[in-house]
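Here's the letter readout for the chains.
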Amino acid sequence: MKQLAPTAFALVLAGCQDMPLETEAADTVVRTPTNENLRLVRGYRSTDDDCQITGETAFTVDFLDDAADLVSCPEGGSAAQSLVDMYGARQVAETGGYAVYSVPRR
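Since we're looking at a predicted model, the values are computed, not measured.

A. Up close: the overall build of the protein. Looking only at helices and strands, the protein has two helices and five strands in total. Listing every helix and strand of the protein by position from the N terminus yields α-β-β-β-α-β-β. Counting only residues that meet the buried cut, the protein has 27% of its 106 residues in that class. Nonlocal contacts in the protein, meaning residues at least 24 apart in sequence, comprise 42% of its contacts between residues at least 6 apart. Entry remark: accessible area of the protein is about 7500 Å², with carbon and sulfur atoms responsible for 54%.

B. Layout of the nonpolar core. Of all hydrophobic cores here, the largest spans 11 residues; its members are Cys51, Ile53, Val71, Cys73, Ala79, Ala80, Leu83, Ala89, Ala99, Tyr101 and Val103. At the level of secondary structure, the elements contributing two or more residues to this core comprise strand 3 (68–74), helix 2 (78–87) and strand 5 (98–104). In this view, Ala99 contacts Val71, Ser72, Cys73, Glu75, Gln91, Ala93 and Glu94; residues no more than four positions away in its chain are not counted. Membership of the second largest hydrophobic core comes to six residues, among which are Leu38, Leu70, Ala93 and Val100.

C. Summary view of the sheet that holds strand 3. Ordered in space as 1-2-3-5-4, the five strands form an open sheet in which the pairing is antiparallel. Only two strands of the sheet have a single partner each, and these edge strands are strand 1 (40–43) and strand 4 (90–95). Each adjacent strand pair in this sheet contributes to an overall mean axis angle of 35°, direction not counted. Taken together, the five bridges between strand 4 and strand 5 define a ladder with antiparallel strand orientation.

D. Local environment of the environment of Glu36. Within the secondary structure layout, Glu36 lies in the loop between helix 1 (4–14) and strand 1. Given a relative accessible area of 79%, Glu36 falls into the exposed group. Along the sequence, Glu36 and Gly96 sit 60 residues apart, while their C-alpha atoms lie 8.6 Å from each other.

E. Structural view of the pairing of strand 3. Here strand 3 lies mainly inside the structure; six of its seven residues are buried. Examined bridge by bridge, strand 2 (residues 52–54) and strand 3 share two bridges and lie antiparallel to one another. Its bridge partner lying in strand 3, Gln52 is registered against Ser72. Pairing between strand 3 and strand 5: seven bridges, direction antiparallel. Residue pairing across strands places Val71 opposite Tyr101, the latter belonging to strand 5.

Here is what the cut-offs are and how they apply
- Residues numbered from 1 in each chain as written.
- Predicted model: local features only at pLDDT ≥ 70, side-chain atom pairs only at ≥ 80, totals over all residues.
- Heavy atoms only, no water.
- Helix = DSSP H or I, 4+ residues; strand = E, 2+ residues; numbered from the N terminus.
- Buried < 20%, exposed > 50% of the residue type's maximum accessible area, 1.4 Å probe, protein only.
- Contact = heavy atoms within 4.5 Å.
- Areas by Shrake-Rupley, 256 points an atom, 1.4 Å probe, with all protein chains shown as cover.
- Core = buried A, V, L, I, M, F, W, Y, C linked by side-chain atoms within 4.5 Å.
- Pairing = 2+ DSSP bridges.
- Axes fitted to C-alpha atoms, helices over the stretch in contact; angles between N-to-C directions.

As structure tokens, this is what we get:
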């Protein structure tokens, strides 16, 4: 019986090989926030932008504004500074390695 255990284990592992993921649209970039405070939706200026449109969560609800976009950028990168320079973004919070900005639409 003990001789069958390694064989059975090998068969189980063989059946657990990775399944191919469904292909996503080529322009879709999925980024996972470093914590649960942010819901990053998509790139702000382009699909591969480090600064991401940020959706509503319990953390962000007080920063949402109908006249501005809520955008989160990784802290310490040039993407955040360019957001400030190009659009007059105003930093409203920091969390989990991200700076959160309010970017006026008008």
